[in-house]
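Structural characterization, general
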Amino acid sequence: MSDLRPPWYLKPMNRLVKAIQKAGIPAGPSQILTVPGRKSGKLRGTPMTPFEHDGGLYTVAGYPGADWAANARAAGTGTLTRGRKSRPVKIVELSPQDARPVLRSFAVKVPVGVGFAKRSGLVQDGTPDEFEALAGELAVFRFDPVS
């Protein structure tokens, strides 16, 4: 499974979502996570769909080995932006065991992410069981407020 690559349309779609957000227009449930690149230090923005689970805010990498996930892991902090509103966040990666219930919740709460996972071949049906089985394969992060 770790040889999965992002679909060809992901970069153009991400550029479009970032442009819409930069214009101050919230684009559906997506937000932009901005963190410094782990090699260049240059700020990198990536669209994602954070969701609430048990009172926390979480996100799931769309495929194993996603560059943004490695950057987020290295940075430990970043900025979440939706439209013209931004907030700093602490980025905490979950262990595979802690990720299991969050992945189950993702399968129910983030239909756009389920569709992406199905189209990219990561899951077949998008069931909570299928997503839970990806614990340890997909990075799962919690966003904590920075006071």
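The rules we used
Residues numbered from 1 in each chain as written. Predicted model: local features only at pLDDT ≥ 70, side-chain atom pairs only at ≥ 80, totals over all residues. Heavy atoms only, no water. Axes fitted to C-alpha atoms, helices over the stretch in contact; angles between N-to-C directions. Helix = DSSP H or I, 4+ residues; strand = E, 2+ residues; numbered from the N terminus. Parallel < 35°, antiparallel > 145°, perpendicular 65-115°, else oblique. Contact = heavy atoms within 4.5 Å. Phe/Tyr/Trp six-rings, centres within 6.5 Å; stacked < 30°, edge-to-face > 60°. Pairing = 2+ DSSP bridges.

In the annotation of an unreviewed UniProt entry, the chain is listed under the name Deazaflavin-dependent nitroreductase and assigned to Mycolicibacterium moriokaense.

Now for the packing of helix α3 (residues 96–109) against helix α4 (residues 111–119). The N-to-C vectors of α3 and α4 enclose an angle of 100°; their axes lie 6 Å apart at closest approach. What the angle tells us is that α3 and α4 run roughly perpendicular. Across the interface between the two elements, Phe106, Ala107, Val108 and Lys109 from α3 touch Pro111, Gly113 and Val114 from α4.

All right, on to the packing of aromatic side chains then. How two aromatic rings sit relative to each other is given by the distance of their centres and the angle of their planes. Overall, the coordinates contain four aromatic pairs when judged by the stated rule. A connected cluster of aromatic rings, assembled from ring pairs, spans Phe51, Tyr58, Phe106 and Phe131.

Below, the discussion takes up the pairing of strand β1 (residues 31–36). Alignment of β1 against strand β2 (residues 43–48), held across six bridges, turns out to be antiparallel. Each residue of the ladder has a partner; that of isoleucine 32, found in β2, is proline 47. Linkage of β1 to β2, two consecutive antiparallel strands, is achieved through a turn of six residues, within which glycine 41 is found at a positive phi near 80°. Pairing geometry for β1 and strand β5 (residues 77–82), over three bridges, is antiparallel.

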